[in-house]
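Read off the chains here:
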Amino acid sequence: MISMILVLNQKGDIMISRQYRDDVSRAAADSFRLQVIAAKETGTQAPVKRIENCSFLYTRHLNMYFVALTRSNVNPALVFEYLFQKIRILKAYLGEEFDENSMRNNMTLIYELMDETMDFGYPQNCAVDVLRLYINLGNIRPQDEPDTSQLTSQITGAIDWRREGIRHKKNEVYIDVLESVNLLMSSTGNILRNEVTGHVQMNTKLTGMPECKFGLNDKLVIEKETNQNRKPGVEIDDCTFHRCVRLGKFDADRTITFIPPDGEFELMRYRVTDNINLPFRIIPAVREMQGSNRVSINLKVLANFAGTLFATHVVVKIPVPKNTAKTKIKTSFGRAKYEPEQQAIVWRIKRFPGNSECILGADVDLMPTVRKKAWNRPPINVEFQVPMFTASGVHVRFLRVYDKSGYITNRWVRYITKAGGYQIRI
């Protein structure tokens, strides 16, 4: 397992070191400083380096290196997950942008956290909410301190992400399905890359220790059902879940069962690559006038979602040559202007109704140049946000909450689709 954790600054000086096994020493940091930091390998090479039969696995936060050392054949995914969790814990205690000074001013706290999150090289409890119950900065009042028996069961129990005895006046669950559409289309209209990445964000305000069962219109689940009127499902790829989800149940029958943490958390992430409903269709026509320093641009944008919906914050960036002198732009909707710093005509539409189309026409005058250089034609970039619409077709079928007291739960679901890398070549 992990033999040592080091935190180094950008010069390679050791700020924090914690040794869990005696098969490596602090002198190994010199090898890392010379062969990784001084060689400027970060960002260009894989974050795993083998030096003198010792493996160095590292990641960066601002100008600091978090390094795990081991001589055994460990699972690298586990080591990196621990390093990422360690940074997340330090952000919770020291702030999102914690730096070298804040690390030096909280040495005692950091060493306490290192001892609690790892034992003999094996990762232990990394739940921030539980760590805060017994590792604090001295700002917890005596009446806020948890009962010793309750604390022990939470640290050693199977459900460390939720404590017992939670009470809410109203039992509510808020579900956000957030999707990002990635598209790369050729100048001839062929789709080169098309996928949707999404995640389900939840905010639970539930009393007690309820068990939740969550259902999406997953194709594998719907095909098992005998209902003749069922709608076709969506083929969901690459699911990753919060650790509260019972993976055994999901592997057996694709049901998502869990005891949720209290408050906000990310339940799952997923990816969809088939049968994607693109929210916008872009039809460009760019013509370079031969023998004159002019470029003619015509662009049509069509909304492919229902007329009852609308897109917000729509921005279309149409590239123009570097030697652009002036532009004459006409639009049927929204505002468009040439922005030299972006080398593009930027077309902004605050509210784009569904099942509608907008047209832009532009004449671009170019400055004459001594050496004529061919324009490489960068792609058109589109940004947007469409509430209550999913490009993948994923939707929440049900959320059932089971508790001993049998209370009634209010459920709220929201869908938002936005642009990831939405590009059309011209």
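In what follows, the structure referred to is the one given above.
Owing to the predicted nature of the structure, the values given are computational and were not obtained by experimental measurement.

Enquirer: Honestly, the overall build of the protein in this entry has me stumped. Any pointers?
Expert: Broken down by element type, the protein carries eight helices and 23 strands. Reported as C-alpha extents along the three principal axes, the dimensions of the protein are approximately 80 × 65 × 40 Å. Counting only residues that meet the buried cut, the protein has 44% of its 426 residues in that class. Accessible surface computed for the protein: about 23300 Å², of which carbon and sulfur atoms make up 47%. If the 59 positive side-chain charges of the protein are averaged to one point and the 46 negative ones to another, these points end up 9 Å apart.

Enquirer: Is there a simple way to explain the packing of aromatic side chains in this structure?
Expert: How two aromatic rings sit relative to each other is set out by the distance from centre to centre and by the angle between their planes. Summed over the entire model, instances satisfying the criterion amount to 13 aromatic pairs. The interplanar angle of 75° and the centroid separation of 5.1 Å between the aromatic rings of phenylalanine 280 and phenylalanine 352 together place this pair among those described as edge-to-face. With phenylalanine 280 in strand β14 (residues 280-288) and phenylalanine 352 in strand β19 (residues 344-353), the pair connects residues that are 72 residues apart, well separated along the chain. Residue phenylalanine 280 shares its accessibility class with phenylalanine 352, and that shared class is buried. The residue whose ring lies beneath arginine 18 is tyrosine 20, and the NZ or CZ to ring-centre distance is 5.1 Å. Seen from the ring of phenylalanine 120, arginine 21 lies directly overhead, with NZ or CZ sitting 4.2 Å from the centre.

Enquirer: Is there a simple way to think about the environment of isoleucine 37 in this case?
Expert: Relative to the helices and strands, isoleucine 37 resides in helix α1 (residues 28-37). Its relative accessible area of 10% is what places isoleucine 37 among the buried residues. Expressed as a C-alpha distance, the spacing of isoleucine 37 and leucine 8, which sit 29 residues apart in the sequence, is 9.8 Å. Not counting chain neighbours up to four residues away, the residues in contact with isoleucine 37 comprise Leu8, Asn9, Gln10, Gly12, Phe32 and Tyr65.

Enquirer: Mind showing me how you'd approach the sheet that holds strand β12 (residues 256-258) here?
Expert: Where strands meet in a sheet, backbone hydrogen bonds hold them as pairs that are either parallel or antiparallel. With antiparallel pairing, the three strands of this open sheet are ordered in space as β12-β10-β22. Of all the strands in the sheet, just β12 and β22 (396-402) have a single pairing partner and so form its edges. Within this sheet the neighbouring strands show an average axis-to-axis angle of 15°, counted without direction. Pairing geometry for strand β10 (residues 211-216) and β12, over three bridges, is antiparallel. What sits directly across from phenylalanine 214, in β12, is isoleucine 256.

Enquirer: In this structure, what is going on with the packing of helix α2 (residues 76-94) against helix α4 (residues 107-117)? I would like to understand it.
Expert: The geometry of a pair of packed helices is captured by two quantities: the angle between their axes and the separation between those axes. Look at α2 against α4: their axes get within 11 Å of each other, and the N-to-C directions meet at 140°. Overall, the two elements α2 and α4 adopt an arrangement that is oblique. Both α2 and α4 take part in a crossing whose hand is right-handed. Residue-level inspection shows Tyr82, Lys86, Ile89, Leu90, Tyr93 and Leu94 of α2 in contact with α4, the latter providing Leu109, Ile110, Leu113, Met114 and Thr117. A breakdown of the residues in the contact of α2 with α4 according to their chemical character gives nine nonpolar, one polar and one charged.

Enquirer: Could you clarify how one ought to interpret the nonpolar core in this entry?
Expert: The tendency in soluble globular proteins is for nonpolar side chains to be buried as a group. Formed by 42 residues in total, the largest nonpolar core has its most connected members in Phe280, Ile297, Leu299, Phe352 and Tyr422. Every element with two or more residues in this core is listed here: β8 (172-185), β14, β15 (294-303), β16 (310-319), β19, β20 (357-366), β21 (380-387) and β23 (410-424). Excluding residues within four positions of it along the chain, phenylalanine 352 makes contact with Phe280, Val301, Ala303, Phe305, Phe310, Ala311, Val314, Glu357 and Cys358. One finds Ala68, Leu90, Leu113 and Ile135 within the second-largest nonpolar core, a separate group that totals 31 residues.

Enquirer: For this particular structure, what's the right way to read α4?
Expert: Three- or four-residue spacings in an α-helix give side chains the same orientation, since the helix completes a turn every 3.6 residues. Of all the positions in α4, only Leu109, Ile110, Leu113, Met114 and Thr117 are classed as buried. An end-on view of α4 places all buried positions within 135° of arc, on one side of the element.

Enquirer: What should I look at first to understand unusual backbone geometry in this one?
Expert: Most peptide bonds are trans, and most residues other than glycine sit at a negative phi. Of note in the backbone geometry, aspartate 238 takes a positive phi value of approximately 50° without being a glycine. Mapped onto the elements of the fold, aspartate 238 is located in strand β11 (residues 237-241). Given a relative accessible area of 48%, aspartate 238 falls into the partly exposed group.

Enquirer: I tried to follow the sheet that holds β15 on my own but got confused; where do I start?
Expert: Spatial ordering of the open sheet is given by β14-β15-β20-β17, a layout of four strands whose pairing is antiparallel. A single partner strand is all that each edge strand has here, and the edge strands are β14 and β17 (324-331). Looking at each pair of strands side by side, their axes are set apart by 15° on average, direction ignored. Relative to β15, β14 is paired through nine bridges, and the arrangement is antiparallel. Following the sheet pairing, proline 284 is matched in β15 by leucine 299.

Enquirer: I'm lost on the pairing of β8 in this one. Help?
Expert: Summarising burial for β8: twelve of the 14 residues are buried, a large majority. Counting the residues between successive antiparallel strands, the hairpin from β8 to strand β9 (residues 191-205) contains five residues, one of them, glycine 189, with a positive phi of roughly 95°. The pairing of β8 with β23 spans 13 bridges and is parallel. Following the sheet pairing, glutamate 172 is matched in β23 by asparagine 410.

Enquirer: Sorry if this is basic, but what is going on with the pattern of salt bridges here?
Expert: Scanning the model with the defined rule gives 15 salt bridges in all. A salt bridge links arginine 377 to glutamate 288, with the nearest nitrogen and oxygen atoms 3.2 Å apart. Of this pair, arginine 377 sits in the loop between β20 and β21 while glutamate 288 sits in strand β14, and the two are 89 residues apart along the sequence. Classification of arginine 377 as partly exposed rests on a relative accessible area of 25%. A relative accessible area of 34% places glutamate 288 in the partly exposed class. One continuous salt-bridge network, built from bridges that share partners, spans Glu195, Asp238 and Arg271.

About the criteria used
- Residues numbered from 1 in each chain as written.
- Predicted model: local features only at pLDDT ≥ 70, side-chain atom pairs only at ≥ 80, totals over all residues.
- Heavy atoms only, no water.
- Helix = DSSP H or I, 4+ residues; strand = E, 2+ residues; numbered from the N terminus.
- Buried < 20%, exposed > 50% of the residue type's maximum accessible area, 1.4 Å probe, protein only.
- Areas by Shrake-Rupley, 256 points an atom, 1.4 Å probe, with all protein chains shown as cover.
- Lys, Arg positive; Asp, Glu negative; His and termini not counted.
- Charge placed at Lys NZ, Arg CZ, Asp CG, Glu CD.
- Phe/Tyr/Trp six-rings, centres within 6.5 Å; stacked < 30°, edge-to-face > 60°.
- Lys NZ or Arg CZ within 6 Å of the ring centre and 35° of its normal.
- Contact = heavy atoms within 4.5 Å.
- Pairing = 2+ DSSP bridges.
- Axes fitted to C-alpha atoms, helices over the stretch in contact; angles between N-to-C directions.
- Parallel < 35°, antiparallel > 145°, perpendicular 65-115°, else oblique.
- Left-handed = near helix turned anticlockwise from the far one by under 90°.
- Nonpolar A, V, L, I, M, F, W, Y, C, P; charged D, E, K, R; others polar.
- Core = buried A, V, L, I, M, F, W, Y, C linked by side-chain atoms within 4.5 Å.
- Arc of directions from axis to C-beta.
- Salt bridge = Lys/Arg side-chain N within 4 Å of Asp/Glu carboxyl O.

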